[in-house]
Amino acid sequence: MIATISGGVTTAKGFKASGIHCGIRKNKEKPDLAMILAEKECAAAAVYTQNLVKGAPIAVTRKNIADGKARAVICNSGNANTCNADGEEKAWKMCELAAQALKIAPEDVIVASTGVIGEILPIEPIVRAVGPLAAQLSADGSSLAARAIMTTDTMLKEAAVEADIDGKKVRIGGIAKGSGMIHPNMATMLCFLTTDAAISPEMLDKALHHAVDESFNMVSIDGDTSTNDMVSILASGMAENPEISEPGEAYAIFVDALRLLCIRLARMVAKDGEGATKLLVCRVTGAKDHAAAVTVSKAVIASSLVKAAMFGSDANWGRVLCAIGYSGAPVDVSGVDVAFRSEAGALQVCQDGAGIPFDEDVAKKILSEDEIDILVTLHDGEARAAAFGCDLTYDYVKINGDYRT
């Protein structure tokens, strides 16, 4: 049995976290440096952006967890430490500073940064703050860490789940940030996950990739793939379940729990898209195969015209058909059905690739809710997929017109 529970990155046994304002960001009310610590050495895995331009912390983290082990995370917001000549030097220095404060090896630190690209990361604020930050780590510090990694986010993103694995209660928790520069190509955001499951680094890596493919890789806010995306996970083993070292029932339960958690966080990212007022979920059924279902759902959710129509509560289903048509997926467009659904009800607007009569007032009411499902039925097979996004509003342009200044 898998259940959603309250909590975040410190919900699993053996983890502490916190966040502090160190001075990278001008707003003194905003924490801008986060830390997570495990009581013991953990199995570790991560997934990174596919952008060829990558933040320096990614290169350092790759090296540090190449052995499948880590104990801590340090992350700053307000500066991406990307496209800087001294970027890797600064990222490694962050690992050294964290290690010194925590009395661990710098090679056991996952490092991440988020914020403006191409500006030199000032290391002095981190030097001053890392000691006090380490001193205030606590089992109640998840929310502080979650706030410290936020940039243009307007809502805190943390969640946790619990599962029964081989007679033991296993917990997985996490925090995430992401609001803009979000498009499925890993996923454009940061997410730090922890679990007390006993699982080998190899199986943890496999599970993470599987979960990311169905969650963060299915999110699109604005079509821009970021440079600093990272989803990392630490597994302390303190749940004391028999170690998951091969595929089987225990592994399947762990993957299902991890996927559920990642989907919860992915929905939070999508709903908090820059300037967004609505969460959009495109649910595709009846696809020829899984690849086709994924391709169609992503194309619809990424369409600027669909997103703008949803902002205006306009049941312009032709834009959905248009996106399906250029998606590249093998689809018989003469057999496509489209419907819109929300808490206000459901309404079919297209059948067999053609419009059908519907009440515009009812459609307006359905599309005025803050969470909307776009239901696409292809009648080509049995495969399905869901992608997550948001509406496109005037505020998106306002936010990004002066993001740097």
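Refer to the structure presented above.
Below: a short report on this structure. (Residues numbered from 1 in each chain as written. Predicted model: local features only at pLDDT ≥ 70, side-chain atom pairs only at ≥ 80, totals over all residues. Heavy atoms only, no water.)

## Some thoughts on the overall build of the protein chain
Rules: Only DSSP runs of H or I covering at least 4 residues are called helices, and only runs of E covering at least 2 are called strands; the numbering of each starts at the N terminus. Atoms counted for the radius of gyration: C-alpha only. Globule rule: 2.2 Å times residue count to the power 0.38. Here's how the labels work: a residue is buried when its accessible area is under 20% of the maximum for its type, exposed when over 50%, partly exposed in between, all with a 1.4 Å probe on protein chains only. Residues are treated as being in contact if the distance between any of their heavy atoms lies within 4.5 Å. Under the convention used here, a 1.4 Å probe and the Shrake-Rupley method define accessible areas, while residue burial counts only the protein chains that appear. Residues counted as positive are Lys and Arg, residues counted as negative are Asp and Glu, and His and the chain ends are not counted. Where a charge lies is defined by one atom per residue type, namely NZ (Lys), CZ (Arg), CG (Asp) and CD (Glu).
Each helix and strand in the protein chain was counted, giving 11 helices and 16 strands. Expected size for 405 residues packed as a compact globule is a radius of gyration near 22 Å; at 21 Å, the protein chain falls within 12% of this value. With the principal axes as the frame, the protein chain shows a C-alpha extent of 70 × 55 × 35 Å. Out of the 405 residues belonging to the protein chain, those deemed buried represent 58%. Considering only residue pairs separated by 6 or more positions, the protein chain has 80% of its internal contacts joining residues 24 or more positions apart. Carbon and sulfur atoms provide 50% of the accessible area of the protein chain, an area that totals close to 16,100 Å². Positive and negative charge centroids in the protein chain, built from 39 and 52 side chains respectively, lie 5 Å apart.

## Notes on the packing of aromatic side chains
Formally: When two rings of Phe, Tyr or Trp (its six-membered ring) have centres within 6.5 Å they constitute a pair, described as stacked for plane angles under 30 degrees, edge-to-face for angles over 60, and tilted for the intermediate range.
A complete count under the given rule lists one aromatic pair for this structure. Seen from their ring centres, Phe311 and Tyr394 are 5.3 Å apart, and the 90° between their planes marks the pair as edge-to-face. Of the two residues, Phe311 sits in helix α8 (residues 304–311) while Tyr394 sits in helix α11 (residues 394–401), which places them 83 residues apart along the sequence.

## Remarks on unusual backbone geometry
With a phi close to 60°, Lys103 is a non-glycine residue in the positive phi region. Within the secondary structure, Lys103 is located in the loop between α2 (87–102) and β5 (109–116). For Asp166, which is not glycine, the phi dihedral falls at a positive 50°. Of note, Asp166 is situated in the loop between β6 (158–165) and β7 (168–177).

## What about the sheet that holds strand β9 (residues 219–220)?
The condition that has to hold: Pairs of strands are assigned from DSSP output, requiring at least two bridges between the strands. Fitted lines through C-alpha atoms give the axes, limited to the stretch in contact for helices. The angle between two N-to-C directions lies from 0 to 180 degrees.
Taken in spatial order, the seven strands of this open sheet run β9-β16-β11-β15-β12-β13-β14, and their pairing is mixed. Edge positions in the sheet fall to β9 and β14 (354–355), since each of these pairs with one other strand and no more. The sheet contact formed by strand β13 (residues 345–351) and β14 spans two bridges and is antiparallel. For Cys350, the partnering residue across the bridge sits in β14 and is Gly355. Across the face of the sheet, helix α7 (residues 290–302) comes into contact with β9, β11 (279–287), β15 (371–377) and β16 (383–390) while running at roughly 20° to β16. Sheet strands in contact with α8 are β9, β11, β12 (337–342), β15 and β16, and its direction is about 135° off that of β15.

## Section: the pattern of salt bridges
Rules: Just to be clear on terms, a salt bridge is a Lys or Arg side-chain nitrogen sitting within 4 Å of an Asp or Glu carboxyl oxygen.
Applying the stated criterion across every chain yields a total of 14 salt bridges. Taking the shortest distance from any N to any O, the salt bridge between Lys157 and Asp153 comes out at 2.7 Å. Salt-bridge contacts for Arg283 lead to Asp373; the nearest nitrogen and oxygen are separated by 3.5 Å. Taken together, the positions of Arg283 in strand β11 and Asp373 in strand β15 put the pair 90 residues apart, joining distant regions of the chain. In this structure Asp373 comes out as buried when scored by relative accessible area, which is 14%. Within the structure, one salt-bridge network assembled from shared partners comprises Glu162, Asp164, Lys169 and Arg171.

## Looking at the pairing of β13
The side chains of a regular strand alternate between the sheet's two faces. The pairing of β12 with β13 spans five bridges and is classified as antiparallel. Note on β13: the bridge partner recorded for Val338 is Cys350. Remark: two residues form the turn of the hairpin made by β12 and β13, two consecutive strands paired antiparallel. Here β13 hands over to β14 after two residues, with Asp352 in that stretch at a positive phi of 55°.

## Comments concerning a negative patch on the surface
Defined as follows: Distance thresholds for patches are 9 Å for like charges and 5 Å for nonpolar side chains (Val, Leu, Ile, Met, Phe, Trp, Tyr), applied to residues having over 30% relative accessible area and no salt bridge.
On the surface, a cluster of negative charge is made up of Asp314, Asp359, Glu360 and Asp361. Tracing the backbone through its elements, the reader meets Asp361 in helix α10 (residues 360–367). Overall, the relative accessible area of 62% leaves Asp361 in the exposed class.

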